[in-house]
Amino acid sequence: MTTERQHPRDRGIDRTPTHRQPSKPPWSGLELRVPNDRSRESLISFVECVLVELTHADVGAEYRSSNVWGVKLTQYIAADTVVERFEKRHYDERLGWHEQTMSRQDVRDELINRLARPASLATNQSHPDPVEEPDTFQVKPTWQLRTGRQTSKR
């Protein structure tokens, strides 16, 4: 039999199980609307963070733009973390899916240019109905992105 005198280090310790809140993944806050008020330097830093997460976690990045013709999506997923190649998947409701492989530098430049736009892609179109939703860019788990490559092959 033990007494409190034998185990003074145990005094004041709560023995009930701790219910931890699941921690948020580091990429969960990587989200941005276009247009935005970020400086070019801030956008470069943001894109670099996105590219690191794409190569180190099971995530992809998605740029979403809506217009009167429907939704346009552009997704970026790491294809090879060794030579830093990325798969770019573009979806247009009128044309379907198109895929291509790009270098890290090309993805970086494209994302910086897209995120630095002064207006949404949808508002740049010549149509009478204005689009109220801004474009969005977000890092998501890959399972939330489109899967099944056979849909893009014709």
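For the structure, check the block above.
What you see is a predicted model, and the numbers here were worked out from it, not measured in a lab.

**Re helix H2 (residues 104–115)**
Here H2 spans 16 Å end to end across 12 residues, near enough to the 16 Å set by a 1.5 Å rise per residue. Taken together, the buried positions of H2 are Arg104, Val107, Arg108, Glu110, Leu111, Ile112, Arg114 and Leu115.

**Some remarks on the pattern of salt bridges**
Applying the stated criterion across every chain yields a total of 10 salt bridges. Close ionic contact of arginine 64 with glutamate 62 constitutes a salt bridge, the shortest N to O distance being 3.9 Å. Classification of arginine 64 as partly exposed rests on a relative accessible area of 31%. Among the ionic pairs, glutamate 87 bridges to arginine 89, the shortest N-O distance being 2.8 Å. The residues glutamate 87 and arginine 89 share a single accessibility class, namely buried. Overlapping salt bridges bring together Glu48, Glu84, Arg104, Arg108 and Asp109 as one network.

**Quick look at the pairing of strand S4 (residues 85–92)**
Side-chain direction in a regular strand flips from residue to residue, so the side chains alternate between the two faces of the sheet. Taken together, the eight bridges between strand S3 (residues 70–80) and S4 define a ladder with antiparallel strand orientation. Paired with lysine 72 across the strands is aspartate 92, a residue of S4. Here S3 folds back onto S4 in antiparallel fashion, the turn holding four residues, of which glutamate 84 has a positive phi close to 55°. Of the pairings in the sheet, the one linking S4 to strand S5 (residues 96–103) comprises eight bridges and is antiparallel in character. Along S5, the bridge assignment pairs tyrosine 91 with tryptophan 97. Remark: three residues form the turn of the hairpin made by S4 and S5, two consecutive strands paired antiparallel.

What counts, and at which threshold
Residues numbered from 1 in each chain as written. Predicted model: local features only at pLDDT ≥ 70, side-chain atom pairs only at ≥ 80, totals over all residues. Heavy atoms only, no water. Helix = DSSP H or I, 4+ residues; strand = E, 2+ residues; numbered from the N terminus. Expected span 1.5 Å × (residues − 1). Buried < 20%, exposed > 50% of the residue type's maximum accessible area, 1.4 Å probe, protein only. Salt bridge = Lys/Arg side-chain N within 4 Å of Asp/Glu carboxyl O. Pairing = 2+ DSSP bridges.

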